[in-house]
Amino acid sequence: MATIRDLARRCGVSVATVSRVFNNPDAVTRETREAVLRAAALLGYTPSAPARTLATKRSRMVGLAWDTGRRGPGWRHPFLQELLVGLKTALSERGYHLLMLATGEDADGHLRAVRRHSLDGVVFIDDGTADPALTRLAESGVPCVSLDRPVTGRRATYVTSDNAGGAGAAVRHLYERGRRRIATIAGPGRTHPGAERLAGYRAALAALSLPVRDEYVVEGDFYLDGGHAAMRRLLALDERPDAVFAAGDEMAVGAVRAALEAGLDVPGDVAVAGFDDIEPASLVRPALTTVAQDRAGFGAAVAAALISMIDDPDAAAPPPTVLPVRLVVRETSGPPRAG
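Residues numbered from 1 in each chain as written. Predicted model: local features only at pLDDT ≥ 70, side-chain atom pairs only at ≥ 80, totals over all residues. Heavy atoms only, no water.

**Q** What is the right way to look at the overall build of the protein in this model?
**A** For the protein, the helix and strand inventory stands at twelve helices and twelve strands. Taking all 339 residues of the protein together, 49% fall into the buried category. Within the protein, counting contacts between residues at least 6 apart in sequence, those at least 24 apart form 71% of the total. About 15600 Å² of surface is accessible on the protein, with carbon and sulfur atoms providing 52% of the total. (Helix = DSSP H or I, 4+ residues; strand = E, 2+ residues; numbered from the N terminus. Buried < 20%, exposed > 50% of the residue type's maximum accessible area, 1.4 Å probe, protein only. Contact = heavy atoms within 4.5 Å. Areas by Shrake-Rupley, 256 points an atom, 1.4 Å probe, with all protein chains shown as cover.)

**Q** Where do I start with unusual backbone geometry in this structure?
**A** A cis amide bond, omega 15°, links Val266 with the succeeding residue Pro267. Locating Pro267 in the fold gives a position in the loop between α11 (249–261) and β9 (271–276). One non-glycine residue, Asp276, adopts positive backbone phi at about 135°. Here Asp276 falls in the buried class, since its relative accessible area comes to 3%. Phi angles above zero are rare outside glycine, and Asp277 is one such case at about 65°. Assignment of secondary structure puts Asp277 in the loop between β9 and β10 (289–292).

**Q** Help me understand the pairing of β9 in this model?
**A** Two faces make up the sheet, and in a regular strand the side chains alternate between them. For β9, the tally of buried residues reaches six of six residues, placing the bulk of the element in the interior. For strand β8 (residues 243–246) and β9, the ladder comprises three bridges, and the chain directions are parallel. For Phe245, the partnering residue across the bridge sits in β9 and is Ala273. Tracing the backbone out of β8, into α11 and back to the parallel element β9 gives a crossover that is right-handed. Bridging between β9 and β10 involves four bridges; their strand directions are parallel. For Gly274, the partnering residue across the bridge sits in β10 and is Thr290. (Pairing = 2+ DSSP bridges. Right-handed = clockwise from strand over helix to strand, strands pointing away.)

**Q** I keep staring at the pairing of strand β1 (residues 61–65) and nothing clicks. Help me out?
**A** The element β1 is largely enclosed, with a buried count of four among its five residues. In the sheet, β1 pairs with strand β2 (residues 97–100) via four bridges, with the strands oriented parallel. Looking across to β2, one finds that Val62 is bridged to Leu98.

Structure (structure tokens):
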């Protein structure tokens, strides 16, 4: 492999000039820059990542802190998979790589990983726990952006969706379809999306002058089996609901399956609406009415917030970003009821 000295000799310039071409291109003339880049392509020269880190004080590496092991299935959830692809794409377009950080009980473990790998910043995803390692990281001054988890710290911010507004839109839609006994399969209350979507459900019922019935609120886990089990509980009530808002599409699909297994018609006997708009939502039958989140927008917003802090070491964190959502009407909510 060609070295930086080989390239400098080939071009008749100093090693420092070659280094500037790759690390600070505006510091050299256009002619020199083009000559060095042509020679680099001819020789197959690739700048050393550690050397570039030393020269630029940047590794162009971003850590991803996400506990997917001992507390839950994590990676299996389709929305999180799609969100992660959007994040990786947005960072790649800006020349950054994503490095998965190992999890553990040590409160300083992530900080040591940041220093060991010279990470420029960290993204972390809410797993619903009060993880001291993430708290320490957010307060450390390392640029941090959280997905769906409010954080505090001079260099820490977060990106989320309008969870409460989306839940309210789903409830209003079910009401407009003539439903009055509207239940919810809530997400875990320890998570920000779970708590916010439940709050949006309650607020919408109150605005529509519908009672908030305790037995109509069943907590799920954002996964298929949790939605199935929760729906079976709702259908066993003496006065079963005529509509269910599930705070996640996987739970909504599980709820539809439970209703069909009970011999009910969806949406005739019970309407269902979800949240996320994962790819299977349009493929299941009946197709799922849901609240769509902006997955590409998540990735772009996280990348923009993180890189703004990386580019300016003295800048405070930008304010939190709340992305809009939209209602996608399909078959499980049915046509408007007469009367």
